[in-house]
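Residues per chain are reported as follows:
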Amino acid sequence: MIDHKSPMPMYYQIERYIEDLINQKQLTTGDQIPSEREFTDQFHVSRMTVRQAIMNLVHAGILIRIKGKGTFVAAQEKIEKKLLGFNGFSEDMISRGLKPGSRMLHFSIVHPPDKIAMQLKLQEGENVYEIKRVRLADDEPMAIETSYIPVRVLPHLTDQQVSPSLYHYIERETGMTINHAEQSIEASIVTSEEAKILDVAKGSPILLINRCAYLSNGQPIEQTKSLFRADRYKFKIDLPRR
C-alpha cells in the first residue's frame, strides 16, 4: 500500500503497487486497471500524481492506454527478433509459433517520391506499387508496413498475391531470389491515425524500420517503411568482441 510518510515519491509507490498487482497475477494481460479517479480516492493523492505513475508504466511498456476505453495491462513478453540474417514478417512469426496475417489498407500503382525512386534505382517515369498493410500476429496488430515495388519487376502483381506474404510470392511463384537487405532502425511515436490502426494510445513509442531488399542480381526489389509497436516488439543483436 501507499505510505504517505515515506520519502519515496507517491507516484513511484503507485507504480510499484500496480506492478505488484501484475506480478501477483491479480491483473493479467488485457485487464483494465482502475481509473485515475479510483486510484485518487483509494490513495488520497492528487490526480496528477496518479497520472504520472500510470504514464511512466505506459512508457515502460507495462500498461497501454486506448483512447475512449481506458488503460490496460500490456502483453508482458515482447516478440524478440535477432538482427542476424534476413527474413520476412510472416516467416518470422511462424518461427515463433504465431499465426501471421495481414490486413490490406491500400494497393495502387503510383509515381514514386524522388527518394524512393533513387533507392529502387528507377528510370525516369517508372511507376511502383504502393502497398500499405497492417501486419498481424495471432490477429493482433503488430506493425504498419508500407512497401514500394517496381512495376517493371512484377508487372502483374495483385493485392491477392501480396497477402499474406509478399516474399513467399516472389520466391515461390516467380523464381526470383531475395538475396539480402539494408535496414535502419529508429525510435519514433505514432500519429493519431497510426494509433487507431495499431490499437495503441496516441503518442505511443514505435520502432521505425526502413529496409531495402535486393535480388541475387543486385536489383532492388522492395523499399519498405515499417512501424512496429514498441510495447510488443524488440530487437536483439549479438556483438562479438574484436
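What counts, and at which threshold
- Residues numbered from 1 in each chain as written.
- Predicted model: local features only at pLDDT ≥ 70, side-chain atom pairs only at ≥ 80, totals over all residues.
- Heavy atoms only, no water.
- Helix = DSSP H or I, 4+ residues; strand = E, 2+ residues; numbered from the N terminus.
- Areas by Shrake-Rupley, 256 points an atom, 1.4 Å probe, with all protein chains shown as cover.
- Lys, Arg positive; Asp, Glu negative; His and termini not counted.
- Charge placed at Lys NZ, Arg CZ, Asp CG, Glu CD.
- Pairing = 2+ DSSP bridges.
- Polar contact = N/O pair within 3.5 Å; in protein donor to acceptor, adjacent residues only side chain to side chain.
- Phe/Tyr/Trp six-rings, centres within 6.5 Å; stacked < 30°, edge-to-face > 60°.
- Buried < 20%, exposed > 50% of the residue type's maximum accessible area, 1.4 Å probe, protein only.

- For the chain, an unreviewed UniProt entry supplies the name GntR family transcriptional regulator and the organism Sporolactobacillus terrae.

1. With respect to the overall build of the chain
Then, in step 1: The helix and strand tally for the chain stands at 8 helices and 10 strands.
Then, in step 2: With respect to the principal axes defined by its C-alpha atoms, the chain has extents near 70 × 45 × 30 Å.
Then, in step 3: When the accessible area of the chain is evaluated, it comes to approximately 13,800 Å², of which 50% is carbon and sulfur surface.
Then, in step 4: Both charge centroids of the chain, one from 32 positive and one from 31 negative side chains, sit 3 Å from each other.

2. Observations regarding the pairing of strand S1 (residues 63-66)
Then, in step 1: Bridge count for S1 against strand S2 (residues 70-73) is 4 bridges, and the pairing is antiparallel. Residue arginine 65 lies in a different strand from S2, and its bridge partner there is threonine 71.
Then, in step 2: The antiparallel pairing of S1 with S2 creates a hairpin that spans 3 residues between the two strands, and glycine 68 there sits at a positive phi of about 80°.

3. Some details on unusual backbone geometry
Then, in step 1: One non-glycine residue, lysine 25, lies in the positive phi region at around 65°.
Then, in step 2: In this structure, aspartate 199 takes a positive phi of about 60° despite not being glycine.
Then, in step 3: Within the element layout of this structure, aspartate 199 appears in the loop between helix H8 (192-198) and strand S8 (205-215).

4. Focus: the side chain of threonine 71
Then, in step 1: Looking at where threonine 71 falls in the secondary structure, it is placed in strand S2.
Then, in step 2: Here arginine 65 takes part through its side chain, which lies 3.2 Å from a polar atom of the side chain of threonine 71.

5. Structural notes on the packing of aromatic side chains
Then, in step 1: Evaluated as defined, the whole model comprises 4 aromatic pairs.
Then, in step 2: Ring geometry for phenylalanine 107 versus tyrosine 129: centroids 5.7 Å apart, planes at 35°, classification tilted. A residue pair is termed long-range when its members are at least 10 positions apart, and phenylalanine 107 in strand S4 (residues 100-110) and tyrosine 129 in strand S5 (residues 128-137) qualify at 22 residues.
Then, in step 3: Residue classification places tyrosine 129 among the buried residues on the basis of a relative accessible area of 2%.
Then, in step 4: Through successive ring pairs, a cluster of aromatic residues spans Tyr17, Phe39 and Phe43.

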